[in-house]
Structures are given as C-alpha cells and as structure tokens.
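Remarks on the overall topology
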Amino acid sequence: VLQTGGTGANPSWTDAGGGHLLAFYNHVNQSNEQTTSTNYQSSASTLTITPASTSSKFLILSTFQGGNDSAARRSSYAIFRNGSQLGNSDMQHEITGASSNEIASAMQVYDSPNTTSAVTYNVRFHSNVDGGDIAKINFKNLSIFEFAS
C-alpha cells in the first residue's frame, strides 16, 4: 500500500495489514436437486477450506435457482459450516399462484471460524410441508473470499 508520509514527506510503500484478500474459492454445480423433507438436506454446493490463520474472515456468497413444486408452499435455504447453520444466512421462498416455480436466489454471510483446521461450507435446503411439497435447488454457485483480519 502506498502511504503518505504527511505534508512535505515522500510517500512510501508499507504492508497492507489486515483486510486484504488472501484467497478466493468457488464451486459451481449445475445439477437439479430436490427434497420433500422438512429437515435441512445437504446440496451439492460444498467447499472445504483450510483457513490461512485463526484470524481469517470469510465472506460466503451463494447464488442458485430455488423454488418448489406446488402453489402456496415455502422452501427454506441456509449456509452451514461443519454441519451447523450460520446465523443470518436463512432465507425462504414462497411461491403463490403457480406450481413448479424456481427463481434466482442469493444469500451471503460473514464468518470467522477461528481455526486453522479444515472447515466445510455447504448450502442446505428443505421443504416446509413434510411430504406435501418438493423444495428445489438448481444451478448453484458457492463463492468464498478469505480475508486477513
């Protein structure tokens, strides 16, 4: 980073410090997946990453085509780390007036796993009517940015 030395001083190059991008990870899966379960089911949208340090921060972005197979039903989606749902990553679709609709969808969450052991991020989904609806997730893209803190 080019840093100013103040009035009358020459600028100098210094270490960027925290906040710079360490790595970018991406997984694309074009498969069509569905479930009738009301419990979260893993999708094929998965990335396993080993953080560079315990202070690494991750911005997780997920885009997909989500929906359900019946009118006036809901389907739910969330991002998980090592099997646990990350807070504020939950979203729902409610399709009314038509059946078998899928729409463009996106979720994002910021995470600090505080480890140098491998972590697995996964998008999961479920139907909100057990056996009475089919939740769908298609054309998935999972992108993860790792930042120094």
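These remarks concern the structure in this document. (Residues numbered from 1 in each chain as written. Predicted model: local features only at pLDDT ≥ 70, side-chain atom pairs only at ≥ 80, totals over all residues. Heavy atoms only, no water.)

1. As for the environment of Phe145
- Within the fold, Phe145 resides in strand β11 (residues 135-147).
- Taking the C-alpha atoms as reference points, Phe145 and Lys57, 88 residues apart in sequence, are found 8.2 Å from one another.
- In contact with Phe145, other than residues within four places in its own chain, are Leu21, Ala23, Phe24, Lys57, Phe58, Leu59 and Leu61. (Helix = DSSP H or I, 4+ residues; strand = E, 2+ residues; numbered from the N terminus. Contact = heavy atoms within 4.5 Å.)

2. Some points on the side chain of Ser76
- Inspection of the secondary structure puts Ser76 in strand β6 (residues 73-81).
- At 3.2 Å, the side chain of Ser76 forms a polar contact with the side chain of Asn128.
- When sequence neighbours within four positions are dropped, the list of residues in contact with Ser76 reads Tyr40, Asp90, Met91, Gln92, Arg124, Phe125, His126 and Asn128. (Polar contact = N/O pair within 3.5 Å; in protein donor to acceptor, adjacent residues only side chain to side chain.)

3. Digging into the sheet that holds strand β9 (residues 101-111)
- A sheet is described by the order of its strands in space; here 4 strands give the open sequence β3-β11-β5-β9, paired in antiparallel fashion. Each edge of the open sheet is held by one strand with a lone partner, namely β3 (21-35) and β9. Taken pair by pair, the neighbouring strands of this sheet meet at an average axis angle of 10 degrees, ignoring direction.
- Across 12 bridges, the pairing between β3 and β11 is antiparallel. Bridge assignment links Val28 to a residue of β11, and that residue is Asn141. (Pairing = 2+ DSSP bridges. Axes fitted to C-alpha atoms, helices over the stretch in contact; angles between N-to-C directions.)

4. Points about the nonpolar core
- Ile60, Tyr77, Met107, Tyr121 and Ile144 are the most contacted members of the largest nonpolar core, which totals 19 residues.
- Listed by contribution, the elements that provide at least two residues to this core are β4 (41-49), β5 (57-68), β6, β9, β10 (119-127) and β11.
- Beyond its immediate chain neighbours, meaning those up to four positions away, Met107 contacts Ile60, Leu61, Ser62, Phe64, Tyr77, Ala78, Ile79, Ser89, Met91 and Val123. (Core = buried A, V, L, I, M, F, W, Y, C linked by side-chain atoms within 4.5 Å. Buried < 20%, exposed > 50% of the residue type's maximum accessible area, 1.4 Å probe, protein only.)

5. Some words on the packing of aromatic side chains
- Throughout the structure, instances matching the rule amount to 6 aromatic pairs.
- Ring centres 4.8 Å apart and planes at 50 degrees place the aromatic pair Phe24 and Phe145 in the tilted group. Placement of the pair is Phe24 in strand β3 and Phe145 in strand β11, with a sequence separation of 121 residues.
- With relative accessibility at 23%, the residue Phe145 sits in the partly exposed group.
- Ring geometry for Tyr40 and Phe80: centres 5.2 Å apart, planes at 70 degrees, overall edge-to-face. Residue Tyr40 is found in the loop between β3 and β4, and its partner Phe80 is found in strand β6; the two are separated by 40 residues along the sequence. (Phe/Tyr/Trp six-rings, centres within 6.5 Å; stacked < 30°, edge-to-face > 60°.)

6. Let's talk about the side chain of Ser143
- Note that Ser143 resides in strand β11.
- When its relative accessible area of 11% is taken as the criterion, Ser143 is described as buried.
- Among the polar contacts made by the side chain of Ser143, one reaches the side chain of Asn26 at a distance of 2.6 Å.
- Once residues lying within four places of it in the same chain are set aside, the contact partners of Ser143 are Phe24, Tyr25, Asn26, Leu59, Ile60 and Leu61.

7. Considerations on the pattern of salt bridges
- According to the stated counting rule, one finds 3 salt bridges in the structure shown.
- With a shortest N-O distance of 2.6 Å, Asp111 and Arg81 are connected by a salt bridge. Linking Asp111 in strand β9 with Arg81 in strand β6, this pair joins segments that are 30 residues apart in sequence.
- Of the residues examined, Asp111 reaches a relative accessible area of 6% and is grouped as buried.
- A salt bridge links Glu102 to Lys136; the nearest nitrogen and oxygen atoms lie 3.1 Å apart. Placement of the pair is Glu102 in strand β9 and Lys136 in strand β11, with a sequence separation of 34 residues.
- According to the relative accessible area criterion, Glu102 is partly exposed, its value standing at 24%.
- Classification of Lys136 as buried rests on a relative accessible area of 11%. (Salt bridge = Lys/Arg side-chain N within 4 Å of Asp/Glu carboxyl O.)

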